[in-house]
Amino acid sequence: MKRRDFLRNIACSSVAFSTGGALLSQLGMIDAALAAQSGCPAYPPVDDYKALVCLFLMGGNDSFNLLIPSDAARYATYAASRGAMGIAQNALVPISALGTGGGETYGLHPSCPELASVFDAGHGAFVVNVGTVLQPTTKTQYLTPGYPLPPQLFSHADQQGQWQYGQPTANGSTGWGGLAADRLHVLNAGATIPMSISLSGQNRFQAGMSIQPYSISGAGPTALSGYNGANGATRLAALEALLAQSHPDPLTRTYASKMSNAIDWYNTMQSALAGAPPITTPFPDNNPVGDALKEIASVISVRSALSAKRQIFFVSYGSFDTHDDQLDDQPSLLSTISQALGAFYAATEELGVASSVATFTMSEFARTLNTDGDGTDHAWGGIQFVMGGSVIGQRLYGTPAASGGIFPDQTLDGPDCLSRGQMIPATSCDQYAATLARWLGVSDCDLATIFPYLANFAPDLGFMG
Amino acid sequence: MAKMLTFLRNKKGDTVLGTSPDENYAREVMQLFSIGLVERNLDFSPVLDGEGQPIPTYAQSMVQSYAKVFTGWSYTSGFNSNPVGANWSPADYEPLVCYETYHDESQKILLDNEIAPGGADSCEPDLDAGLSAIEHHANVAPFISRQLIERFTSSNPSPAYIERVASVFVNDGHGVYGNLGAVVVAVLTDAEARYGAPPPPAPYVFGKAREPLLKLTALWRYYGAAATDGLYALPNPQKNYAERPLGAPSVFNFYLPDYLPPGELADAGLFGPEFQIMNESTVVATANDLTLRTNNYVGNPTNDDTTVAIDLAPLVALASTPSSLVAALDHDLMYGGMSDAMTSTLTDMVAALPANNPTGRVTGALQVLLASPEFAIQK
């Protein structure tokens, strides 16, 4: 048994007995052991606050209909490739991107005026043609048998996993957010709830070796009920005794620790949230992403009560898997995220934390540029949006494609894509992720471990100031 | 299925319009429903190449080939028919028919180098050839067998258990391939699934997490749940159970067969599919709803016609003897598997609840049992 596994097992077998304090002292012991093992320097205390907010667009967002070249020459190529899936040129929401090539202009999908406002105000940026690759990969190399490629391209679950993992390979169960939290949670001295909080339940992104996320809902943390009133204390004591029992198998232990944590962490979170200031920024109605982001804003507003200096949040939304009825479905999908993100940015300004929060999208792949009749199929490289007061905004980021520019040539079967417009990513999702993790405070030493393929690329895309 | 995986009205490619056949069903019928992503031995272990790497079952070109196979199918009322709301007619519930005009008549290379010949009137022959090639792929027996074991008995079956079941899939003893009845019998009667049998060899662990909704059905089924109006009203169960029957949020169902719960299970390489929908929010929401359900017992004056009421009378009759009540609960809901420690805790708790409220003793014991770790894992 490896030393790390042994230490983990101590924590797991004890967790059901532990109060928060005892658990944390055990984690501290493990942290010291892990730090010694990794060989990377320990993290000194920090005074500032920073948070990452990941919005995962499940199903594969057709992001080449989110950011669209609007100058005549490139729009014509876009329109020819997209056919019936194309967005009319005069419907695009114009944006003023800085630093683009001569005569190159862009517009957003008509459902995204809020994203356009954030972008033009200098607080948003797009990372273009980013996806799962192990090393720089051209179309010719992709078509060469034996060239190293991520396993199971075009498969939802596999590509979701690779985006969240920190390496486009199949093994393991952790994610780069969780591995970052393993390192950085020591900065939250005195905290009794995890530094990772999920608004969308289990996800690979936040799974660490020692730090796992706390799941709450868009309505807040969920309270155990039905144990008040006459004899409630007797029944609750019995339940807690069953949770603390020594269970012989790991499935039972896993459930027990989840329920124990739910009870303990609820008390901490709810008492902190009781002191949250009201958020006056209007959030969109009937918008689950908006509900989740508003709850995140509330949690951020009580960061001091939670002793949180670093936090990582996760929200997922979709299905963006628009094989059919794309023209009907895409507008509401995009308007949902645009309205929610616009409101969330405003809320972070209201709370005075805009520069401390970086919000970013991920999605497993973009979609074929050409259509299957009334929708699109699975493809590869796509476009992501990043937002925050520390984003060097109003710009497009990425690595030049084979055709020469950052924004790829959309000619079907042209230099940058396959026959249906499946784009070969010029930028690795690991570069995108590492840029965000580095801003949060992960050291270059630890980045090299979390993102083992990062050495094949420029390690920082430069969009975080 | 044709709507969910969008092969309804799927057309052959059109070079003028720049369209291609829809790849959705083509991909998922292979990946999720039949053979999976890598070649498998009969015990579900991956077949490895000379460098020790798994071998993909198909390439993107195979997906595009099957996308062509699944072209031309739509409602009997016309290829472009799109019934919604009140426009549904009885004919729209009939099996789909194929419209040759929209079918891709090129020759397609299928799995295992089988051929769908294409040509005139090839709509149905192509479909038959395509499905036959999938059905007889060597992965089908271990793939389906392993998923049935996961659903019925164990999240982490030994390879030998999978192979025993898969062998029945290949031949039910009477030369029949794919006899699912015989396969389920093999799943349920295998030595590894029997109480009292030796546990599977390490690292395999017997048992599975109950999916949240099956906690409720366990309660309802044993205690004869029924409502006066004859219905089983369960509006929006996804709120408390993270599941709605026939309402999976995507083609991946509610959770994936290969889900590794972070922490102790993932560290040991153990699967726990149901844990993908069990987190600090949902385990509490499920426990809370089950508490409410235990109070919907026959005779509760707050019931109305729609209340799905359970019959607790046999348990209430035992409430004056805590150990008898707990023994009955062990039998009814945990199949005699309750540990001594849990038996003792529950018995002491029941004894501490007022003897003059026998129904309160029963609902209290049910409430705690239904939220307990031992009930959460089915063995």
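Residues numbered from 1 in each chain as written. Chains lettered and ligands numbered in written order. Predicted model: local features only at pLDDT ≥ 70, side-chain atom pairs only at ≥ 80, totals over all residues. Heavy atoms only, no water.

## As for the overall build of chain A
And step 1. Assigned secondary structure in chain A consists of 13 helices and 12 strands.
And step 2. Radius of gyration (C-alpha) of chain A: 23 Å, near the 23 Å computed for a compact globule of 465 residues.
And step 3. Overall, chain A is about 70 × 50 × 40 Å in size when its C-alpha atoms are taken along their principal axes.
And step 4. In chain A, once contacts between residues fewer than 6 apart in sequence are set aside, the share between residues at least 24 apart is 74%. (Helix = DSSP H or I, 4+ residues; strand = E, 2+ residues; numbered from the N terminus. Rg over C-alpha atoms; globule rule 2.2 N^0.38 Å. Contact = heavy atoms within 4.5 Å.)

## Side note on the pattern of salt bridges
And step 1. Scanning the entire structure with this criterion turns up 20 salt bridges over all chains.
And step 2. Of the charged contacts in the structure, one is a salt bridge between Glu23(B) and Arg420(A), with a shortest N-O distance of 2.5 Å. Of this pair, Glu23(B) sits in the segment before α1 (24–31) while Arg420(A) sits in the loop between β11 (395–397) and β12 (427–428), which puts the two residues in different chains. A single burial state applies to Glu23(B) and to Arg420(A), both of which are buried. (Salt bridge = Lys/Arg side-chain N within 4 Å of Asp/Glu carboxyl O. Buried < 20%, exposed > 50% of the residue type's maximum accessible area, 1.4 Å probe, protein only.)

## Thoughts on the nonpolar core
And step 1. Core analysis: the biggest nonpolar cluster contains 67 residues, and Leu67(A), Phe126(A), Leu293(A) and Phe344(A) have the highest contact counts within it.
And step 2. Element by element, the count of residues in this core is highest for helix α11 (residues 326–350) of chain A, at 9 residues.
And step 3. Apart from the residues within four sequence positions on either side, Phe126(A) is in contact with Leu66(A), Leu67(A), Ile95(A), Leu108(A), Phe119(A), Ile383(A), Gln384(A), Phe385(A), Arg395(A), Leu396(A) and Tyr397(A).
And step 4. In terms of nonpolar packing, the next biggest core, distinct from the first, is built from 59 residues, Val205(B), Tyr241(B), Ile310(B) and Ala365(B) among them. (Core = buried A, V, L, I, M, F, W, Y, C linked by side-chain atoms within 4.5 Å.)

## Some words on the sheet that holds strand β4 (residues 106–108) of chain A
Residue and element names in this part refer to chain A.
And step 1. Taken in spatial order, the 3 strands of this open sheet run β2-β4-β3, and their pairing is antiparallel. In this open sheet, the two edge strands, each paired with only one partner strand, are β2 (67–69) and β3 (93–95). The mean angle between the axes of side-by-side strands here comes to 40 degrees, regardless of whether they run parallel or antiparallel.
And step 2. Judged from the 3 bridges that link them, β3 and β4 form a sheet pairing that is antiparallel. In the sheet register, Pro 94 faces β4, and the bridge partner there is Gly 107.
And step 3. Along the sheet, helix α4 (residues 113–120) makes contact with β3 and β4, crossing β3 at roughly 10 degrees. (Pairing = 2+ DSSP bridges. Axes fitted to C-alpha atoms, helices over the stretch in contact; angles between N-to-C directions.)

## Describing the state of the cysteines
And step 1. According to the stated counting rule, one finds 2 disulfides over all chains in the structure shown.
And step 2. Residue pairing for Cys40(A): its cysteine sulfur links by disulfide to Cys445(A), the two sulfurs lying 2.0 Å apart. The sign of the -85 degrees torsion about the S-S bond sets the Cys40(A)-Cys445(A) disulfide as left-handed. With Cys40(A) in the loop between α2 (20–38) and β1 (50–57) and Cys445(A) in helix α13 (residues 444–450), the pair connects residues that are 405 residues apart, well separated along the chain.
And step 3. Through a disulfide, Cys98(B) is tied to Cys123(B); the S-S separation comes to 1.6 Å. With a gap of 25 residues between them, Cys98(B) in strand β2 (residues 97–98) and Cys123(B) in helix α3 (residues 123–135) connect regions that are remote in the sequence. Both residues of the pair, Cys98(B) and Cys123(B), count as buried.
And step 4. In this structure Cys112(A) is a free cysteine whose sulfur lies 18 Å from that of Cys54(A), the closest cysteine sulfur available. (Disulfide = S-S within 2.5 Å.)

## A look at the side chain of His323(A)
And step 1. Mapped onto the elements of the fold, His323(A) is located in the loop between β8 (310–317) and α11.
And step 2. The class of His323(A) is buried, set by a relative accessible area of 1%.
And step 3. Within the local environment of His323(A), its side chain forms a polar contact with the side chain of Asn24(B), the two groups lying 3.0 Å apart. (Polar contact = N/O pair within 3.5 Å; in protein donor to acceptor, adjacent residues only side chain to side chain.)

## Brief notes about unusual backbone geometry
Residue and element names in this part refer to chain B.
And step 1. Here the residue pair Ala 202 and Pro 203 is connected by a cis peptide bond, since its omega of 5 degrees sits within 30 degrees of zero.
And step 2. Positive phi, close to 55 degrees, is recorded for Asp 121, a residue that is not glycine.
And step 3. For Asp 121, a relative accessible area of 63% gives the class exposed.
And step 4. Despite not being glycine, Asn 236 has its phi angle at roughly 50 degrees, a positive value.
And step 5. One can find Asn 236 in the loop between α7 (212–222) and α8 (238–241).
And step 6. With relative accessibility at 51%, the residue Asn 236 sits in the exposed group.

## Here's the deal with the domain arrangement of chain B
Residues and elements named next belong to chain B.
And step 1. Partitioning chain B into domains gives domain 1 (24–135), domain 2 (140–206) and domain 3 (209–378).
And step 2. One C-alpha centre belongs to domain 1, the other to domain 2; they are set 27 Å apart.
And step 3. Taken together, the contact pairs 13 residues of domain 1 with 14 residues of domain 2.
And step 4. Around 1000 Å² of area is buried between domain 1 and domain 2 when both sides are counted, 68% of it from carbon and sulfur atoms.
And step 5. Three residues, Leu 42, Asp 43 and Phe 44, lead the burial of domain 1 against domain 2; their summed loss comes to 57% of the area buried on that side.
And step 6. Connecting domain 1 to domain 2 are 0 salt bridges.
And step 7. Residue composition of the side of domain 1 that touches domain 2, grouped by class: 6 nonpolar, 4 polar and 3 charged. (Domains from an automatic or database assignment. Buried area = accessible area lost by both parts, 1.4 Å probe. Nonpolar A, V, L, I, M, F, W, Y, C, P; charged D, E, K, R; others polar.)

## Quick look at the interface of chain B and chain A
And step 1. In this complex, chain B contributes 64 residues to the contact, which on the side of chain A involves 60 residues.
And step 2. Summing the contributions of chain B and of chain A, the shared interface buries around 5300 Å²; its carbon and sulfur component is 61%.
And step 3. By the criterion of area lost to chain A, the three top residues of chain B are Glu264(B), Glu280(B) and Pro373(B), representing 14% of everything that side buries.
And step 4. Inspection of the chain B/chain A interface yields 3 salt bridges.

## What about the pairing of strand β9 (residues 357–362) of chain A?
All names here are of chain A.
And step 1. Of all 6 residues that make up β9, 6 are buried, and the element is covered over most of its length.
And step 2. Neither face of β9 is open: one carries Val 357, Thr 359 and Thr 361, the other Ala 358, Phe 360 and Met 362, and all of them are buried.
And step 3. Where β1 and β9 come together, 6 bridges link them in parallel fashion. Bridging from a neighbouring strand, Ala 51 pairs with Val 357 of β9.
And step 4. Pairing between β9 and strand β10 (residues 382–387): 2 bridges, direction antiparallel. Following the sheet pairing, Phe 360 is matched in β10 by Val 386.

## Topic: the packing of helix α8 (residues 232–244) of chain A against helix α13 (residues 340–352) of chain B
And step 1. Here α8(A) crosses α13(B) at 175 degrees, and the two axes come no closer than 10 Å. Viewed along their axes, α8(A) and α13(B) adopt a mutual orientation that is roughly antiparallel. Together, Thr234(A), Arg235(A), Ala238(A), Ala241(A) and Leu242(A) of α8(A) and Met342(B), Thr345(B), Leu346(B), Met349(B) and Ala352(B) of α13(B) make up the contact between the two elements.
And step 2. Looking at the contact of α8(A) with α13(B), its residues break down into 7 nonpolar, 2 polar and 1 charged. (Parallel < 35°, antiparallel > 145°, perpendicular 65-115°, else oblique.)

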